[in-house]
Amino acid sequence: MSLRIGRYQEKPATCRDYDPRFSEVARLVASLIHSEYPFITVEHIGSTAVEGCRGKGIIDLMALYPDDQWEQARAAIDSLGFQRQTTRDPFPEDRPMRVGSIEYDGDMLLLHVHVIAQSAEEARVLLSFRDRLRQDAALRAAYTACKEEIISSGITDSVDYSIAKGEFINRALSGANC
């Protein structure tokens, strides 16, 4: 299968069911990135990395690079067809997030690639939250309920949605009751 990264299409935030294709697409895109740029390690993060977790349905990947290869990593991701964000408040270029899409099984699936140094605390935090969601059904249910509540309150702007769910994530990571 030949993968081509397509244009990203901003959509209102929703809370949709987990789709088992998310893991397969994440694996394919991670393989594409790593095969072209072996110095980058790719991790599947976010709701689409957690079986049974509802979310926006955007496949989040974390492209981890050696500390001294930031510019090469960003250029590598861009060279595969990923694009800069066009929403308000994009991630800064010294810690970019790139976006794209992939046609898979008749559907266009959206991709976010967070370009982060391997040694960054943020990388550890994102992996920790993913792993906790995978292991803790109660946390997963609370996270899903939080996201459903955000959507039902009328928040569908992707930036506002991310800010709102970030509060839950911060509480969960600090050990506070969610």
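Refer to the preceding data block for the structure.
Because the structure is predicted, anything quoted here is derived from the model rather than measured.

Novice: Is there a simple way to think about the packing of helix α3 (residues 121-135) against helix α4 (residues 137-152) in this case?
Specialist: The axes of two packed helices give the description: the angle between them and the distance between them. Relative orientation of the contacting elements α3 and α4 amounts to 110°, with a least axis distance of 5 Å. By the angle between their axes, α3 is roughly perpendicular relative to α4. Residue-level contacts link Phe 129, Arg 132, Leu 133, Arg 134 and Gln 135 of α3 to Ala 137, Leu 139, Arg 140 and Tyr 143 of α4. Considering only residue class, the contact of α3 with α4 consists of five nonpolar, one polar and three charged.

Novice: What exactly am I supposed to notice about helix α2 (residues 70-79) here?
Specialist: Because each turn of an α-helix spans 3.6 residues, side chains separated by three or four positions end up pointing in the same direction. Of the residues making up α2, those classed as buried are Ala 73, Ala 76 and Ile 77. The buried residues of α2 occupy an angular sector of 95° when the element is viewed end-on, so they sit on one face. Looking at the buried positions of α2, the neighbouring elements they touch are α1 (21-36), β2 (59-65), β4 (97-104) and β5 (107-117).

Rules used in this analysis
Residues numbered from 1 in each chain as written. Predicted model: local features only at pLDDT ≥ 70, side-chain atom pairs only at ≥ 80, totals over all residues. Heavy atoms only, no water. Axes fitted to C-alpha atoms, helices over the stretch in contact; angles between N-to-C directions. Helix = DSSP H or I, 4+ residues; strand = E, 2+ residues; numbered from the N terminus. Parallel < 35°, antiparallel > 145°, perpendicular 65-115°, else oblique. Contact = heavy atoms within 4.5 Å. Nonpolar A, V, L, I, M, F, W, Y, C, P; charged D, E, K, R; others polar. Buried < 20%, exposed > 50% of the residue type's maximum accessible area, 1.4 Å probe, protein only. Arc of directions from axis to C-beta.

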